[in-house]
Amino acid sequence: MTTALTPRGADEVRALPYVALLALLEEANLPPGGLDSVRRICQEAHLRPGLDVLHAGCNAGFLSREVARRTGASVLGIDISPDMADAGNRRAAKEGLAGSVRHENRDMRRSGLADASFDVVLSGGALAFVDGREQAVQEWLRVVKPYGLLADVELYYAKEPPRQVLGKVAEMIEVEVPRYDRDYWVDLFTHERLQPYYRHDAEAGARSDSEVDDYCAAMVRRSAADWAPDAQEALHERLLEIFRAFNENMKYLSYTLFVHRVVPEGDEPTLYL
């Protein structure tokens, strides 16, 4: 299995697809809102020791690990990419969290997990890229216990982005960029079994170009220190291209953290939520 320490050639680096590249580097991929969202999820979902948590769309598992580290909960992260699930398990082992965090290659729309087996289901921006979001939410409802919580933080366009910005991001991630507004997510989570429990709105916020450059250089130093100089240069250029495109896109984005209480079918209605 390829690890982040395996030396790469420059041409191979340039040819790696986006998801494979970030899995190779074990890039943290924080949720929208970064560490502030992590803190709010831990607090507002009342995460604590003894709870079983499902992290749907875990990528390389940053949110899974941080939840386990901060709260003592047991976390299963699932991702449709086997490379990402493997990267998450490598990071959990490195950080001494293998006993409380594991990651598996599963589809969040058809997880194969048991009914009512988790106290909390959470996600950190992955749902936006799922084809079949309604099906995914139904699956989350199936696996969460009655009166458990569902937490998700999602980006959306608060301002209309230029066409060339969307085109550049789509080129980087090799899929069409989904375009939502806040009402889309409110409507998606409007369900007879979901009661609004907590919401937080904020602007996504972009970084300066020098901050983006520093981040990419740090990623090269961390993950490719033993690569050939031309491969390191190719990686730096590739990361700059990706994260400059993402950073420009961030200027038009906001995000909302949604936490919902999950009630059984036929539970008594509530008027004043």
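1. Here we look at the overall build of the chain
Working step 1: Helices and strands together make up the secondary structure of the chain, namely 10 helices and seven strands.
Working step 2: For 273 residues, the compact-globule estimate of 2.2 N^0.38 gives 19 Å, and the chain sits close to it at 19 Å.
Working step 3: Here the C-alpha coordinates of the chain stretch approximately 65 × 45 × 30 Å along the principal axes.
Working step 4: Here the chain holds 273 residues, and the buried ones make up 52% of them.

2. Digging into the nonpolar core
Working step 1: Within the largest apolar cluster, 38 residues are counted, with the highest numbers of intra-cluster contacts made by Leu235, Leu239, Phe243 and Phe246.
Working step 2: Elements with a minimum of two residues in this core: helix H1 (10-15), helix H2 (18-25), helix H5 (82-94), helix H7 (163-173), helix H9 (209-223) and helix H10 (229-250).
Working step 3: Looking at which element gives the most residues to this core, the answer is H10, with nine residues.
Working step 4: The residues touching Phe246, leaving out its near neighbours within four places in the chain, are Tyr18, Val169, Met172 and Ile173.
Working step 5: Residues Met108, Leu113, Ala126 and Trp185 belong to the second largest nonpolar core, which totals 28 residues.

3. Description of the side chain of Ser81
Working step 1: Structurally, Ser81 can be placed in the loop between strand S2 (74-79) and H5.
Working step 2: Setting aside residues up to four positions removed in sequence, Ser81 forms contacts with Val19 and Asn105.

4. A short note on the environment of Pro49
Working step 1: Among the structural elements, Pro49 can be located in the loop between helix H3 (34-44) and strand S1 (52-56).
Working step 2: C-alpha separation for the pair Pro49 and Arg109, spaced 60 residues apart in sequence, amounts to 27 Å.
Working step 3: Excluding residues within four positions of it along the chain, Pro49 makes contact with Thr71, Gly72 and Ala73.

5. Section: the sheet that holds S2
Working step 1: Spatial ordering of the open sheet is given by S3-S2-S1-S4-S5-S7-S6, a layout of seven strands whose pairing is mixed. Here the strands that pair on one side only, and so sit at the sheet edges, are strand S3 (101-105) and strand S6 (194-203). Taken pair by pair, the neighbouring strands of this sheet meet at an average axis angle of 15 degrees, ignoring direction.
Working step 2: Where strand S5 (residues 144-157) lies against strand S7 (residues 253-262), nine bridges are found, and the strand directions are antiparallel. Across the sheet, residue Leu155 finds its bridge partner in S7, namely Tyr255.

6. A short note on the environment of Asp209
Working step 1: Note that Asp209 resides in helix H9.
Working step 2: Using a relative accessible area of 42% as the deciding quantity, one classes Asp209 as partly exposed.
Working step 3: Along the sequence, Asp209 and Val101 sit 108 residues apart, while their C-alpha atoms lie 35 Å from each other.
Working step 4: At 2.9 Å, the side chain of Asp209 forms a polar contact with the side chain of Arg244.

7. Things to note about the confidence of the model for the chain
Atom-level detail of predicted coordinates should not be read off regions where pLDDT is low.
Working step 1: For the chain, the average pLDDT comes to 93, and 97% of its residues sit at 70 or higher.
Working step 2: The low-confidence segment residues 1-5, where pLDDT is below 50, has 13 contacts with residues more than four positions distant or belonging to other chains.

8. Some points on the packing of H2 against H10
Working step 1: Contact pair H2 / H10: the axes reach a minimum separation of 12 Å and the direction vectors enclose 115 degrees. Taken as axis vectors, H2 and H10 run roughly perpendicular relative to one another. In the packing of H2 onto H10, the handedness of the crossing is left-handed. Of H10, the residues touching H2 (which contributes Tyr18, Leu21, Leu22 and Leu25) are Leu235, Arg238, Leu239, Ile242, Phe243 and Phe246.

9. Focus on the state of the cysteines
Working step 1: A complete count under the given rule lists zero disulfides for this structure.
Working step 2: Cys42 supplies the cysteine sulfur nearest to Cys58, a cysteine that is in no disulfide, at a spacing of 16 Å.

10. Considerations on the environment of Val262
Working step 1: Mapped onto the secondary structure, Val262 falls in strand S7.
Working step 2: Placed 24 residues apart in sequence, Val262 and Arg238 show a C-alpha to C-alpha distance of 42 Å.
Working step 3: Beyond its immediate chain neighbours, meaning those up to four positions away, Val262 contacts Leu141, Val144, Lys145, Pro146, Tyr147, Gly148, Leu149, Leu150, Arg193 and Leu194.

11. Here's the deal with the pattern of salt bridges
Working step 1: Here the structure, examined in full by the defined rule, presents 21 salt bridges.
Working step 2: The partner of Glu66 in a salt bridge is Arg70, and the shortest N-O contact between them spans 2.8 Å. You can see Glu66 and its partner Arg70 sitting in helix H4 (residues 62-71), four residues apart, about one turn around the helix.
Working step 3: The class of Glu66 is buried, set by a relative accessible area of 7%.

What counts and how
Residues numbered from 1 in each chain as written. Predicted model: local features only at pLDDT ≥ 70, side-chain atom pairs only at ≥ 80, totals over all residues. Heavy atoms only, no water. Helix = DSSP H or I, 4+ residues; strand = E, 2+ residues; numbered from the N terminus. Rg over C-alpha atoms; globule rule 2.2 N^0.38 Å. Buried < 20%, exposed > 50% of the residue type's maximum accessible area, 1.4 Å probe, protein only. Core = buried A, V, L, I, M, F, W, Y, C linked by side-chain atoms within 4.5 Å. Contact = heavy atoms within 4.5 Å. Pairing = 2+ DSSP bridges. Axes fitted to C-alpha atoms, helices over the stretch in contact; angles between N-to-C directions. Polar contact = N/O pair within 3.5 Å; in protein donor to acceptor, adjacent residues only side chain to side chain. pLDDT = per-residue confidence, 0-100. Parallel < 35°, antiparallel > 145°, perpendicular 65-115°, else oblique. Left-handed = near helix turned anticlockwise from the far one by under 90°. Disulfide = S-S within 2.5 Å. Salt bridge = Lys/Arg side-chain N within 4 Å of Asp/Glu carboxyl O.

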